[in-house]
Amino acid sequence: MEQFIVKPLFGGHEINWYTPTNVTLWMALTIVCVLVLFVLGTRGRAIVPSRIQSLAELVYGFIYKMVEDVSGKDGAKYFPYIMTLFLYIVFANLLGLLPLSFTTTSHAAVTATMALMVFFFVTILGVVKNGIGFLSLFWISSAPLVLRPVLAIIEVISYFVRPVSHSIRLAGNMMAGHAVIKVFAGFAGVLGVGAVAPIFAISAVFALELLVAVIQAYVFVILACVYLRDALHPHH
Amino acid sequence: MAVTGDLVQMGAYIGAGLACTGMGGAAVGVGHVVGNYISGALRNPSAAAGQTATMFIGIAFAEALGIFSFLVALLLMFAV
Amino acid sequence: MAVEEQAAGKAVGMPQLDFATYPNQIFWLLVTLVVIYLVLNKVALPRISAVLAERQGTISNDIAAAEDLKQKAVEAEAAYNKALADARVEAARIVAETKAEIQKDLNVAIAKADAEIAAKAAESEKAIAEIRAGALEAVKVVAKDTAKEIVAVLGTKADAKTINAAVTARLKGGA
(Lines give C-alpha, C1' and ligand atoms only; values in the text may rest on other atoms or scores of the structure.)
Protein backbone atom coordinates (compact mmCIF):
# COMPACT_ATOMS: atom_id res chain seq x y z
CA MET A 1 0.00 0.00 0.00
CA GLU A 2 3.02 2.32 0.15
CA GLN A 3 2.67 2.94 -3.56
CA PHE A 4 -0.57 4.80 -2.96
CA ILE A 5 0.72 7.16 -0.28
CA VAL A 6 0.54 10.83 -1.12
CA LYS A 7 3.85 12.48 -0.26
CA PRO A 8 5.03 16.05 -0.61
CA LEU A 9 7.54 16.30 -3.42
CA PHE A 10 10.03 18.52 -1.64
CA GLY A 11 10.16 16.95 1.82
CA GLY A 12 8.13 17.77 4.90
CA HIS A 13 4.96 16.12 6.16
CA GLU A 14 2.48 18.91 5.85
CA ILE A 15 0.02 18.42 2.97
CA ASN A 16 -1.94 21.55 2.28
CA TRP A 17 -4.20 21.89 -0.71
CA TYR A 18 -1.49 23.74 -2.64
CA THR A 19 1.46 21.52 -1.67
CA PRO A 20 3.18 20.03 -4.74
CA THR A 21 3.00 16.30 -4.08
CA ASN A 22 3.62 13.15 -6.10
CA VAL A 23 0.01 13.59 -7.22
CA THR A 24 1.10 16.86 -8.81
CA LEU A 25 4.08 15.22 -10.47
CA TRP A 26 2.16 12.36 -12.06
CA MET A 27 -0.72 14.56 -13.10
CA ALA A 28 1.78 16.90 -14.71
CA LEU A 29 3.18 13.89 -16.57
CA THR A 30 -0.26 13.08 -17.94
CA ILE A 31 -0.40 16.64 -19.23
CA VAL A 32 3.01 16.10 -20.83
CA CYS A 33 1.72 12.93 -22.50
CA VAL A 34 -1.31 14.73 -23.84
CA LEU A 35 0.91 17.54 -25.10
CA VAL A 36 3.28 15.12 -26.82
CA LEU A 37 0.52 13.13 -28.45
CA PHE A 38 -1.89 15.88 -29.38
CA VAL A 39 0.21 19.00 -29.82
CA LEU A 40 3.68 17.82 -30.78
CA GLY A 41 2.32 14.82 -32.67
CA THR A 42 -0.12 16.79 -34.79
CA ARG A 43 2.33 19.67 -35.33
CA GLY A 44 2.84 18.67 -38.96
CA ARG A 45 -0.91 18.87 -39.81
CA ALA A 46 -0.01 16.37 -42.49
CA ILE A 47 -2.56 15.09 -44.98
CA VAL A 48 -0.69 11.81 -44.89
CA PRO A 49 -0.18 11.51 -41.12
CA SER A 50 2.97 10.49 -39.31
CA ARG A 51 2.67 7.56 -36.90
CA ILE A 52 2.09 9.66 -33.82
CA GLN A 53 -0.36 11.90 -35.64
CA SER A 54 -2.34 8.94 -36.90
CA LEU A 55 -2.47 7.65 -33.33
CA ALA A 56 -3.88 10.99 -32.18
CA GLU A 57 -6.39 10.92 -35.03
CA LEU A 58 -7.33 7.35 -34.15
CA VAL A 59 -8.06 8.31 -30.53
CA TYR A 60 -9.96 11.39 -31.69
CA GLY A 61 -12.05 9.42 -34.15
CA PHE A 62 -12.71 6.61 -31.68
CA ILE A 63 -13.93 8.87 -28.88
CA TYR A 64 -15.84 11.14 -31.24
CA LYS A 65 -17.68 8.20 -32.76
CA MET A 66 -18.42 6.80 -29.30
CA VAL A 67 -19.84 10.12 -28.08
CA GLU A 68 -21.96 10.41 -31.19
CA ASP A 69 -23.17 6.81 -31.07
CA VAL A 70 -24.00 6.77 -27.37
CA SER A 71 -25.12 10.34 -26.68
CA GLY A 72 -26.62 11.13 -30.05
CA LYS A 73 -25.82 13.89 -32.49
CA ASP A 74 -26.63 16.67 -30.03
CA GLY A 75 -24.22 15.12 -27.53
CA ALA A 76 -21.32 15.76 -29.89
CA LYS A 77 -20.83 19.29 -28.62
CA TYR A 78 -19.79 17.92 -25.21
CA PHE A 79 -17.09 15.92 -26.94
CA PRO A 80 -14.18 18.11 -25.63
CA TYR A 81 -15.16 17.41 -22.01
CA ILE A 82 -15.41 13.68 -22.64
CA MET A 83 -12.11 13.74 -24.50
CA THR A 84 -10.47 15.56 -21.58
CA LEU A 85 -11.68 12.94 -19.13
CA PHE A 86 -10.66 10.07 -21.38
CA LEU A 87 -7.16 11.35 -22.04
CA TYR A 88 -6.53 12.17 -18.40
CA ILE A 89 -7.72 8.77 -17.21
CA VAL A 90 -6.03 6.71 -19.88
CA PHE A 91 -2.66 8.40 -19.42
CA ALA A 92 -2.91 8.36 -15.63
CA ASN A 93 -3.72 4.63 -15.78
CA LEU A 94 -0.90 3.83 -18.18
CA LEU A 95 1.65 5.96 -16.35
CA GLY A 96 0.60 4.24 -13.16
CA LEU A 97 1.77 0.94 -14.64
CA LEU A 98 5.35 2.15 -14.77
CA PRO A 99 7.37 0.70 -11.91
CA LEU A 100 7.79 3.06 -8.93
CA SER A 101 5.11 5.34 -10.32
CA PHE A 102 2.13 6.78 -8.52
CA THR A 103 -1.33 6.06 -9.90
CA THR A 104 -3.45 9.15 -9.45
CA THR A 105 -6.59 7.37 -10.65
CA SER A 106 -6.29 4.76 -7.89
CA HIS A 107 -7.39 7.39 -5.39
CA ALA A 108 -11.05 7.66 -4.60
CA ALA A 109 -10.64 11.41 -4.13
CA VAL A 110 -9.61 11.83 -7.76
CA THR A 111 -12.15 9.48 -9.31
CA ALA A 112 -14.95 10.69 -7.04
CA THR A 113 -14.23 14.27 -8.04
CA MET A 114 -14.49 13.34 -11.71
CA ALA A 115 -17.59 11.23 -11.16
CA LEU A 116 -19.24 14.05 -9.20
CA MET A 117 -18.30 16.52 -11.91
CA VAL A 118 -19.99 14.28 -14.46
CA PHE A 119 -22.96 13.74 -12.14
CA PHE A 120 -23.59 17.41 -11.45
CA PHE A 121 -22.90 18.45 -15.02
CA VAL A 122 -25.35 15.88 -16.34
CA THR A 123 -28.03 16.58 -13.76
CA ILE A 124 -27.88 20.35 -14.23
CA LEU A 125 -27.82 19.91 -18.00
CA GLY A 126 -30.83 17.61 -17.84
CA VAL A 127 -32.82 20.03 -15.70
CA VAL A 128 -31.86 23.00 -17.87
CA LYS A 129 -32.65 21.21 -21.13
CA ASN A 130 -35.84 19.42 -20.12
CA GLY A 131 -37.07 21.32 -17.06
CA ILE A 132 -39.50 19.26 -15.03
CA GLY A 133 -39.63 16.72 -17.87
CA PHE A 134 -36.25 15.48 -16.67
CA LEU A 135 -38.09 13.64 -13.90
CA SER A 136 -39.65 11.35 -16.52
CA LEU A 137 -36.30 9.60 -16.43
CA PHE A 138 -37.49 8.02 -13.20
CA TRP A 139 -41.08 7.39 -14.30
CA ILE A 140 -40.88 4.43 -16.65
CA SER A 141 -43.97 4.81 -18.78
CA SER A 142 -43.52 1.44 -20.47
CA ALA A 143 -43.93 -0.43 -17.16
CA PRO A 144 -47.33 -1.47 -15.71
CA LEU A 145 -48.88 1.32 -13.64
CA VAL A 146 -48.71 -0.65 -10.40
CA LEU A 147 -45.01 -1.18 -10.71
CA ARG A 148 -44.15 2.39 -11.62
CA PRO A 149 -43.79 3.87 -8.10
CA VAL A 150 -41.58 0.95 -7.06
CA LEU A 151 -39.49 1.31 -10.19
CA ALA A 152 -39.31 5.05 -9.62
CA ILE A 153 -37.79 4.50 -6.18
CA ILE A 154 -35.29 2.04 -7.61
CA GLU A 155 -34.47 4.40 -10.45
CA VAL A 156 -33.92 7.34 -8.08
CA ILE A 157 -31.64 5.26 -5.88
CA SER A 158 -29.70 3.96 -8.84
CA TYR A 159 -29.42 7.50 -10.18
CA PHE A 160 -27.81 8.73 -6.98
CA VAL A 161 -25.59 5.66 -6.69
CA ARG A 162 -24.21 6.37 -10.14
CA PRO A 163 -21.32 8.63 -9.04
CA VAL A 164 -20.37 6.11 -6.35
CA SER A 165 -20.13 3.15 -8.69
CA HIS A 166 -18.72 5.35 -11.40
CA SER A 167 -15.81 6.45 -9.24
CA ILE A 168 -15.22 3.30 -7.20
CA ARG A 169 -15.09 1.20 -10.37
CA LEU A 170 -12.12 3.10 -11.71
CA ALA A 171 -10.28 3.53 -8.44
CA GLY A 172 -11.01 -0.07 -7.43
CA ASN A 173 -9.78 -1.48 -10.73
CA MET A 174 -6.57 0.47 -10.56
CA MET A 175 -5.97 -0.33 -6.93
CA ALA A 176 -6.84 -4.00 -7.41
CA GLY A 177 -4.46 -4.43 -10.31
CA HIS A 178 -1.60 -2.81 -8.48
CA ALA A 179 -2.34 -4.75 -5.31
CA VAL A 180 -2.36 -8.05 -7.22
CA ILE A 181 0.97 -7.25 -8.82
CA LYS A 182 2.26 -6.30 -5.40
CA VAL A 183 1.10 -9.60 -3.93
CA PHE A 184 2.81 -11.60 -6.69
CA ALA A 185 5.91 -9.46 -6.27
CA GLY A 186 5.83 -10.37 -2.57
CA PHE A 187 5.79 -14.08 -3.54
CA ALA A 188 8.71 -13.47 -5.86
CA GLY A 189 10.57 -11.77 -3.04
CA VAL A 190 10.00 -14.73 -0.76
CA LEU A 191 11.05 -17.32 -3.35
CA GLY A 192 14.17 -15.43 -4.34
CA VAL A 193 16.04 -16.41 -7.50
CA GLY A 194 13.82 -19.39 -8.38
CA ALA A 195 10.68 -17.30 -8.59
CA VAL A 196 9.74 -18.28 -12.13
CA ALA A 197 6.05 -18.73 -11.50
CA PRO A 198 5.47 -15.38 -9.73
CA ILE A 199 7.44 -13.54 -12.40
CA PHE A 200 5.40 -15.23 -15.09
CA ALA A 201 2.24 -14.35 -13.18
CA ILE A 202 3.37 -10.75 -12.81
CA SER A 203 3.95 -10.52 -16.56
CA ALA A 204 0.50 -11.93 -17.25
CA VAL A 205 -1.18 -9.63 -14.75
CA PHE A 206 0.75 -6.69 -16.14
CA ALA A 207 -0.53 -7.46 -19.62
CA LEU A 208 -4.04 -7.73 -18.23
CA GLU A 209 -3.55 -4.44 -16.42
CA LEU A 210 -2.52 -2.73 -19.66
CA LEU A 211 -5.82 -3.87 -21.11
CA VAL A 212 -7.73 -2.87 -17.99
CA ALA A 213 -6.09 0.57 -17.93
CA VAL A 214 -7.47 1.36 -21.37
CA ILE A 215 -10.81 -0.40 -20.89
CA GLN A 216 -11.52 1.36 -17.61
CA ALA A 217 -10.83 4.73 -19.19
CA TYR A 218 -13.17 3.73 -22.01
CA VAL A 219 -15.79 2.50 -19.58
CA PHE A 220 -15.59 5.68 -17.53
CA VAL A 221 -16.22 7.91 -20.51
CA ILE A 222 -18.81 5.61 -22.08
CA LEU A 223 -20.78 5.73 -18.84
CA ALA A 224 -20.40 9.50 -18.83
CA CYS A 225 -21.85 9.42 -22.36
CA VAL A 226 -24.73 7.21 -21.25
CA TYR A 227 -25.54 9.65 -18.44
CA LEU A 228 -25.28 12.47 -20.94
CA ARG A 229 -27.77 10.73 -23.20
CA ASP A 230 -30.13 10.30 -20.27
CA ALA A 231 -29.85 14.03 -19.59
CA LEU A 232 -30.48 14.98 -23.21
CA HIS A 233 -33.25 12.47 -23.88
CA PRO A 234 -34.79 11.41 -20.55
CA HIS A 235 -37.76 9.62 -22.12
CA HIS A 236 -36.82 6.06 -22.68
CA MET B 1 -7.48 -6.31 25.77
CA ALA B 2 -4.87 -7.79 23.54
CA VAL B 3 -7.03 -10.84 23.04
CA THR B 4 -10.00 -8.70 22.03
CA GLY B 5 -7.84 -6.81 19.54
CA ASP B 6 -6.61 -10.04 18.04
CA LEU B 7 -10.15 -11.31 17.82
CA VAL B 8 -11.27 -8.17 16.03
CA GLN B 9 -8.37 -8.46 13.62
CA MET B 10 -9.09 -12.12 13.03
CA GLY B 11 -12.71 -11.32 12.32
CA ALA B 12 -11.65 -8.59 9.93
CA TYR B 13 -9.34 -10.90 8.04
CA ILE B 14 -11.95 -13.65 7.83
CA GLY B 15 -14.46 -11.09 6.65
CA ALA B 16 -12.00 -9.88 4.03
CA GLY B 17 -11.54 -13.41 2.77
CA LEU B 18 -15.28 -13.94 2.62
CA ALA B 19 -15.78 -10.65 0.82
CA CYS B 20 -13.40 -11.82 -1.88
CA THR B 21 -15.88 -14.58 -2.82
CA GLY B 22 -18.02 -11.80 -4.20
CA MET B 23 -15.46 -11.30 -6.93
CA GLY B 24 -16.30 -14.77 -8.19
CA GLY B 25 -19.84 -13.56 -8.78
CA ALA B 26 -18.50 -10.66 -10.79
CA ALA B 27 -16.42 -13.08 -12.83
CA VAL B 28 -19.51 -15.18 -13.56
CA GLY B 29 -21.39 -12.02 -14.51
CA VAL B 30 -18.70 -10.76 -16.85
CA GLY B 31 -18.36 -14.17 -18.43
CA HIS B 32 -22.11 -14.32 -18.94
CA VAL B 33 -22.21 -10.91 -20.58
CA VAL B 34 -19.34 -11.64 -22.96
CA GLY B 35 -20.50 -15.16 -23.71
CA ASN B 36 -23.97 -13.99 -24.63
CA TYR B 37 -22.51 -11.18 -26.67
CA ILE B 38 -20.38 -13.61 -28.64
CA SER B 39 -23.17 -16.12 -29.19
CA GLY B 40 -25.36 -13.26 -30.40
CA ALA B 41 -22.56 -11.95 -32.56
CA LEU B 42 -22.10 -15.34 -34.18
CA ARG B 43 -25.78 -15.55 -34.98
CA ASN B 44 -25.89 -12.06 -36.47
CA PRO B 45 -22.38 -10.79 -37.11
CA SER B 46 -23.60 -7.69 -38.92
CA ALA B 47 -25.27 -6.37 -35.78
CA ALA B 48 -22.32 -7.20 -33.53
CA ALA B 49 -20.24 -4.09 -34.16
CA GLY B 50 -23.03 -1.79 -33.01
CA GLN B 51 -23.41 -3.58 -29.71
CA THR B 52 -19.77 -3.61 -28.60
CA ALA B 53 -20.28 -0.45 -26.58
CA THR B 54 -23.33 -1.96 -24.92
CA MET B 55 -21.28 -5.03 -24.05
CA PHE B 56 -18.64 -2.86 -22.41
CA ILE B 57 -21.29 -1.05 -20.40
CA GLY B 58 -22.63 -4.42 -19.31
CA ILE B 59 -19.17 -5.60 -18.35
CA ALA B 60 -18.62 -2.40 -16.41
CA PHE B 61 -21.82 -2.86 -14.41
CA ALA B 62 -21.13 -6.50 -13.70
CA GLU B 63 -17.55 -5.83 -12.80
CA ALA B 64 -18.32 -2.88 -10.54
CA LEU B 65 -19.99 -5.20 -8.05
CA GLY B 66 -16.93 -7.40 -7.93
CA ILE B 67 -14.85 -4.33 -7.34
CA PHE B 68 -17.17 -3.38 -4.48
CA SER B 69 -16.53 -6.70 -2.77
CA PHE B 70 -12.82 -6.25 -3.31
CA LEU B 71 -13.13 -2.82 -1.77
CA VAL B 72 -14.91 -4.23 1.23
CA ALA B 73 -12.08 -6.71 1.61
CA LEU B 74 -9.51 -3.95 1.45
CA LEU B 75 -11.42 -1.85 3.95
CA LEU B 76 -11.60 -4.78 6.34
CA MET B 77 -7.89 -5.44 5.92
CA PHE B 78 -6.58 -1.96 6.29
CA ALA B 79 -9.21 0.44 7.51
CA VAL B 80 -11.09 -1.37 10.26
CA MET C 1 3.40 -1.53 6.56
CA ALA C 2 1.35 -0.28 9.48
CA VAL C 3 4.53 0.56 11.37
CA GLU C 4 5.82 2.74 8.56
CA GLU C 5 2.52 4.53 8.27
CA GLN C 6 2.42 5.20 11.94
CA ALA C 7 5.94 6.52 11.68
CA ALA C 8 4.74 8.84 8.92
CA GLY C 9 2.00 10.08 11.16
CA LYS C 10 -0.84 8.35 9.33
CA ALA C 11 -3.76 6.99 11.30
CA VAL C 12 -5.39 4.93 8.53
CA GLY C 13 -4.11 1.87 6.74
CA MET C 14 -5.41 2.80 3.33
CA PRO C 15 -3.88 5.93 1.82
CA GLN C 16 -7.10 6.30 -0.20
CA LEU C 17 -8.97 6.98 3.02
CA ASP C 18 -6.54 9.61 4.29
CA PHE C 19 -8.88 12.55 4.08
CA ALA C 20 -6.08 14.99 4.84
CA THR C 21 -4.75 14.53 1.32
CA TYR C 22 -8.12 15.04 -0.37
CA PRO C 23 -8.00 18.82 -0.87
CA ASN C 24 -4.55 18.49 -2.33
CA GLN C 25 -5.55 15.77 -4.79
CA ILE C 26 -8.76 17.48 -5.79
CA PHE C 27 -6.99 20.79 -6.32
CA TRP C 28 -4.30 19.29 -8.55
CA LEU C 29 -6.86 17.17 -10.38
CA LEU C 30 -8.88 20.26 -11.23
CA VAL C 31 -5.73 22.05 -12.37
CA THR C 32 -4.79 19.09 -14.56
CA LEU C 33 -8.23 18.73 -16.07
CA VAL C 34 -8.46 22.44 -16.83
CA VAL C 35 -5.02 22.41 -18.45
CA ILE C 36 -5.84 19.34 -20.56
CA TYR C 37 -9.20 20.84 -21.50
CA LEU C 38 -7.61 24.11 -22.56
CA VAL C 39 -4.88 22.36 -24.54
CA LEU C 40 -7.46 20.18 -26.28
CA ASN C 41 -10.01 22.86 -26.89
CA LYS C 42 -7.64 25.59 -28.04
CA VAL C 43 -5.03 23.62 -29.94
CA ALA C 44 -5.43 19.91 -30.42
CA LEU C 45 -9.06 19.26 -31.31
CA PRO C 46 -9.50 22.12 -33.82
CA ARG C 47 -6.23 21.10 -35.42
CA ILE C 48 -7.18 17.43 -35.71
CA SER C 49 -10.67 18.13 -36.95
CA ALA C 50 -9.20 20.57 -39.50
CA VAL C 51 -6.71 17.95 -40.65
CA LEU C 52 -9.44 15.31 -40.89
CA ALA C 53 -11.73 17.67 -42.79
CA GLU C 54 -8.89 18.64 -45.08
CA ARG C 55 -8.05 15.02 -45.72
CA GLN C 56 -11.70 14.25 -46.38
CA GLY C 57 -11.79 17.18 -48.77
CA THR C 58 -8.63 16.09 -50.53
CA ILE C 59 -9.90 12.56 -50.89
CA SER C 60 -13.27 13.64 -52.24
CA ASN C 61 -11.55 16.15 -54.55
CA ASP C 62 -9.30 13.43 -55.84
CA ILE C 63 -12.25 11.14 -56.34
CA ALA C 64 -14.10 13.91 -58.15
CA ALA C 65 -11.04 14.59 -60.30
CA ALA C 66 -10.75 10.89 -61.10
CA GLU C 67 -14.44 10.84 -61.97
CA ASP C 68 -13.91 13.88 -64.17
CA LEU C 69 -10.99 12.29 -65.95
CA LYS C 70 -12.98 9.12 -66.45
CA GLN C 71 -15.80 11.19 -67.91
CA LYS C 72 -13.29 12.91 -70.19
CA ALA C 73 -11.92 9.57 -71.32
CA VAL C 74 -15.43 8.40 -72.14
CA GLU C 75 -16.06 11.62 -74.03
CA ALA C 76 -12.79 11.29 -75.89
CA GLU C 77 -13.69 7.76 -76.88
CA ALA C 78 -17.08 8.90 -78.11
CA ALA C 79 -15.45 11.71 -80.07
CA TYR C 80 -12.97 9.28 -81.55
CA ASN C 81 -15.76 6.90 -82.55
CA LYS C 82 -17.70 9.78 -84.05
CA ALA C 83 -14.68 10.96 -86.01
CA LEU C 84 -14.14 7.43 -87.23
CA ALA C 85 -17.75 7.15 -88.37
CA ASP C 86 -17.56 10.55 -90.05
CA ALA C 87 -14.40 9.57 -91.83
CA ARG C 88 -16.07 6.38 -93.01
CA VAL C 89 -19.08 8.31 -94.33
CA GLU C 90 -16.77 10.80 -96.02
CA ALA C 91 -14.75 8.04 -97.59
CA ALA C 92 -17.90 6.36 -98.86
CA ARG C 93 -19.06 9.69 -100.29
CA ILE C 94 -15.74 10.25 -102.02
CA VAL C 95 -15.80 6.76 -103.42
CA ALA C 96 -19.31 7.26 -104.77
CA GLU C 97 -18.41 10.63 -106.25
CA THR C 98 -15.32 9.31 -107.90
CA LYS C 99 -17.26 6.40 -109.23
CA ALA C 100 -19.90 8.70 -110.68
CA GLU C 101 -17.25 10.92 -112.26
CA ILE C 102 -15.49 8.00 -113.79
CA GLN C 103 -18.82 6.70 -115.06
CA LYS C 104 -19.53 10.08 -116.63
CA ASP C 105 -16.14 10.22 -118.30
CA LEU C 106 -16.61 6.70 -119.43
CA ASN C 107 -20.02 7.49 -120.86
CA VAL C 108 -18.63 10.47 -122.71
CA ALA C 109 -15.76 8.44 -124.07
CA ILE C 110 -18.12 5.67 -125.11
CA ALA C 111 -20.44 8.12 -126.83
CA LYS C 112 -17.51 9.70 -128.64
CA ALA C 113 -16.21 6.35 -129.70
CA ASP C 114 -19.68 5.37 -130.86
CA ALA C 115 -19.95 8.55 -132.90
CA GLU C 116 -16.56 7.98 -134.42
CA ILE C 117 -17.40 4.43 -135.21
CA ALA C 118 -20.69 5.51 -136.79
CA ALA C 119 -18.87 8.14 -138.89
CA LYS C 120 -16.31 5.63 -140.00
CA ALA C 121 -19.03 3.13 -140.85
CA ALA C 122 -20.87 5.74 -142.92
CA GLU C 123 -17.70 6.60 -144.73
CA SER C 124 -17.05 2.98 -145.46
CA GLU C 125 -20.60 2.54 -146.67
CA LYS C 126 -20.14 5.43 -149.04
CA ALA C 127 -16.89 4.02 -150.29
CA ILE C 128 -18.49 0.66 -150.84
CA ALA C 129 -21.38 2.27 -152.68
CA GLU C 130 -18.98 4.15 -154.89
CA ILE C 131 -17.04 1.03 -155.59
CA ARG C 132 -20.23 -0.78 -156.38
CA ALA C 133 -21.36 2.00 -158.71
CA GLY C 134 -17.95 2.01 -160.32
CA ALA C 135 -18.20 -1.72 -160.87
CA LEU C 136 -21.67 -1.42 -162.41
CA GLU C 137 -20.43 1.23 -164.78
CA ALA C 138 -17.51 -0.92 -165.72
CA VAL C 139 -19.80 -3.90 -166.31
CA LYS C 140 -21.89 -1.70 -168.65
CA VAL C 141 -18.89 -0.57 -170.59
CA VAL C 142 -17.52 -4.08 -170.80
CA ALA C 143 -20.91 -5.44 -171.86
CA LYS C 144 -21.26 -2.82 -174.61
CA ASP C 145 -17.76 -3.39 -175.82
CA THR C 146 -18.24 -7.14 -175.74
CA ALA C 147 -21.58 -6.82 -177.53
CA LYS C 148 -19.94 -4.63 -180.28
CA GLU C 149 -17.15 -7.11 -180.76
CA ILE C 150 -19.57 -10.00 -180.88
CA VAL C 151 -21.75 -8.20 -183.30
CA ALA C 152 -18.72 -7.33 -185.40
CA VAL C 153 -17.51 -10.88 -185.39
CA LEU C 154 -20.93 -12.14 -186.52
CA GLY C 155 -20.54 -9.87 -189.47
CA THR C 156 -23.50 -7.83 -188.89
CA LYS C 157 -23.13 -4.18 -189.26
CA ALA C 158 -24.65 -2.27 -186.57
CA ASP C 159 -23.96 1.15 -185.32
CA ALA C 160 -22.74 1.85 -181.84
CA LYS C 161 -25.86 3.69 -180.79
CA THR C 162 -28.15 0.81 -181.30
CA ILE C 163 -25.91 -1.64 -179.59
CA ASN C 164 -25.56 0.63 -176.61
CA ALA C 165 -29.28 1.06 -176.34
CA ALA C 166 -29.85 -2.67 -176.55
CA VAL C 167 -27.29 -3.50 -173.94
CA THR C 168 -28.66 -0.88 -171.59
CA ALA C 169 -32.13 -2.23 -172.08
CA ARG C 170 -30.97 -5.77 -171.42
CA LEU C 171 -29.08 -4.72 -168.37
CA LYS C 172 -32.06 -2.91 -166.99
CA GLY C 173 -34.31 -5.80 -167.77
CA GLY C 174 -31.89 -8.37 -166.48
CA ALA C 175 -31.27 -6.36 -163.46
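Below, the structure is looked at part by part. This is a predicted model, so every value here is computed, not measured. (Residues numbered from 1 in each chain as written. Chains lettered and ligands numbered in written order. Predicted model: local features only at pLDDT ≥ 70, side-chain atom pairs only at ≥ 80, totals over all residues. Heavy atoms only, no water.)

## Quick notes on the interface of chain C and chain A
Taken together, the contact between chain C and chain A spans 38 residues of the former and 47 residues of the latter. Summed over both sides, the interface of chain C with chain A buries roughly 3,900 Å², with 74% coming from carbon and sulfur. The largest per-residue losses of area from chain C upon contact with chain A belong to Gln16, Gln25 and Arg47 of chain C, which jointly make up 16% of the total buried on that side. Counting every contact that joins chain C to chain A gives one salt bridge. Taking the shortest distance from any N to any O, the salt bridge between Arg55 of chain C and Glu57 of chain A comes out at 2.8 Å. Taken together, chain C and chain A are joined by eleven residue pairs in polar contact (both at pLDDT 80 or more). Of all elements in the fold, only helix H1 (2-7) and helix H2 (22-154) of chain C reach the threshold of two or more residues within the side of chain C that touches chain A. The biggest single contributor to the side of chain C that touches chain A is H2 of chain C, with 28 residues. Here the side of chain C that touches chain A is built from residues that sort into 23 nonpolar, nine polar and six charged. (Contact = heavy atoms within 4.5 Å. Buried area = accessible area lost by both parts, 1.4 Å probe. Salt bridge = Lys/Arg side-chain N within 4 Å of Asp/Glu carboxyl O. Polar contact = N/O pair within 3.5 Å; in protein donor to acceptor, adjacent residues only side chain to side chain. Helix = DSSP H or I, 4+ residues; strand = E, 2+ residues; numbered from the N terminus. Nonpolar A, V, L, I, M, F, W, Y, C, P; charged D, E, K, R; others polar.)

## Here's the deal with unusual backbone geometry
A negative phi holds for most residues other than glycine; trans holds for most peptide bonds. Residue and element names in this part refer to chain A. For Arg45, which is not glycine, the phi dihedral falls at a positive 50°. Inspection of the secondary structure assignment puts Arg45 in the loop between helix H1 (22-40) and helix H2 (51-71). Even without glycine at this site, Leu100 takes up a positive phi of about 65°. Examined against the element boundaries, Leu100 turns out to sit in the loop between helix H3 (79-96) and helix H4 (108-130).

## Notes on the packing of aromatic side chains
All names here are of chain A. Counted under the stated rule, the structure contains 19 aromatic pairs over all chains. Ring plane angle 45° and centroid distance 5.6 Å describe the contact between Tyr81 and Phe121, whose orientation is recorded as tilted. Of this pair, Tyr81 sits in helix H3 while Phe121 sits in helix H4; the two residues are 40 residues apart in sequence, bridging distant segments of the chain. A residue is classified by how much of its surface remains accessible, and Tyr81, at 39% relative accessible area, is partly exposed. (Phe/Tyr/Trp six-rings, centres within 6.5 Å; stacked < 30°, edge-to-face > 60°. Buried < 20%, exposed > 50% of the residue type's maximum accessible area, 1.4 Å probe, protein only.)

## A closer look at the packing of H2 of chain A against helix H6 (residues 196-232) of chain A
Residue and element names in this part refer to chain A. The contact between H2 and H6 brings their axes to 8 Å, and the two run at 35°. Regarding H2 and H6, the two cross each other, and that crossing is right-handed. Between H2, through Phe62, Met66, Val67, Val70 and Ser71, and H6, the contact on the second element is made entirely by Tyr218, Val221, Ile222, Cys225, Val226, Leu228, Arg229 and Leu232. Residues that form the contact of H2 with H6 fall into these classes: eleven nonpolar, one polar and one charged. (Axes fitted to C-alpha atoms, helices over the stretch in contact; angles between N-to-C directions. Left-handed = near helix turned anticlockwise from the far one by under 90°.)

## Quick look at the interface of chain A and chain B
Of the residues lining the interface, 16 residues belong to chain A; the matching set on chain B comes to 13 residues. Between chain A and chain B, roughly 1,300 Å² of surface is buried when both sides are summed, and carbon and sulfur atoms account for 85% of that area. Inspection of the chain A/chain B interface yields zero salt bridges. On inspection of chain A and its partner chain B, the count reaches three residue pairs in polar contact (both at pLDDT 80 or more). Taken together, the elements giving at least two residues each to the side of chain A that touches chain B come down to helix H5 (148-191) and H6 of chain A. For the side of chain A that touches chain B, the element with the highest residue contribution is H5 of chain A, accounting for eight residues.

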